[in-house]
Structure formats: structure tokens, C-alpha cells
Amino acid sequence: MKVLLGVVLRSSGVSAHLGLSPVVTCAVAGALSANGSTEREAFHDLLLRIEKPLYLLMLDFAGAIMMWARGRTIGPMSGALALGRRPPWPWP
């Protein structure tokens with residue numbers, strides 16, 4: 001698990017430094033780690049164990065970002081409309 005996390009962090013950092021896509025770089029690093037390992041079954045079992053918690057974290061972060069963006073736009077506009085003022089346009 002620590003090795004897998006290290007591979008992902010290192011490959012994303014190096015790709016960001018070189019101006020490459022971190023998503024593609026991490027996908028290639030993951031494919032090489034999964035297929036080049038001598039213990040494929042153990043690696044596969046590890047991925048199956050951490051799959052659902054990772055999905056939960058990803059969806060949690062995505063929902064938090066969506067709520068932040070929605071609140072940043074709708075909150076001030078609804079407050080201005082409730083006070084009878086014109087919302088500021090153009091909206092930043």
C-alpha cells in the first residue's frame with residue numbers, strides 16, 4: 001500500500017514538474033505496477049480492499065467542491081434578491 005501510494009505521488013509530482021498530464025502519467029505508472037509485479041494476486045487483492053473507500057473519498061471531495069461552487073454563486077445572489085437589491089453583474 002505504501003509503495004503504491006509512493007508511486008502515485010512521485011509520478012504525479014514529476015509529471016507536474018515536467019508539464020505532462022498527471023492523470024495519464026499515473027495511469028501508466030499504475031498499469032506498469034499492476035502488470036510488472038511478480039505478486040499480481042496480492043496487488044489485485046489490495047486494490048479490491050481499498051476500492052470502495054477510495055470511491056467514497058472521491059465522491060465526498062467532488063460533492064464538497066460542487067457545494068462550494070454552488071454556495072459561492074447562489075448564496076450572494078439569493079441574499080441580494082432577498083434584500084431587494086440588484087445582484088452584482090457581471091458575476092466574478
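All values reported here derive from a predicted model rather than from experimental measurement.

Parameters and conventions
- Residues numbered from 1 in each chain as written.
- Predicted model: local features only at pLDDT ≥ 70, side-chain atom pairs only at ≥ 80, totals over all residues.
- Heavy atoms only, no water.
- Helix = DSSP H or I, 4+ residues; strand = E, 2+ residues; numbered from the N terminus.
- Buried < 20%, exposed > 50% of the residue type's maximum accessible area, 1.4 Å probe, protein only.
- Areas by Shrake-Rupley, 256 points an atom, 1.4 Å probe, with all protein chains shown as cover.
- Contact = heavy atoms within 4.5 Å.
- pLDDT = per-residue confidence, 0-100.

S.K.: It is not clear to me how the overall build of the protein should be interpreted in this structure. Could you clarify?
M.R.: A count of helices and strands for the protein gives 3 helices and 0 strands. Reading the protein from its N terminus to its C terminus gives the helix and strand order α-α-α. For the protein, the proportion of its 92 residues judged to be buried stands at 10%. A total of about 7,700 Å² of accessible surface is found on the protein, and carbon and sulfur atoms cover 71% of it.

S.K.: How should I be thinking about the side chain of serine 11 in this particular structure?
M.R.: By the element assignment, serine 11 lies in helix 1 (residues 2-18). Looking at serine 11, the relative accessible area reads 12%, which means it is buried. In this structure serine 11 touches Thr25, Cys26 and Ala29, once residues within four positions along its chain are discounted.

S.K.: Is there a simple way to explain the confidence of the model for the protein in this structure?
M.R.: A low pLDDT means the predicted coordinates there should not be read in detail. Taken residue by residue, the protein gives an average pLDDT of 78. The fraction at 70 or more is 77%. For the protein, the element scoring lowest by mean pLDDT is helix 3 (residues 40-82), at 78; helix 2 (residues 22-36) scores highest, at 83.

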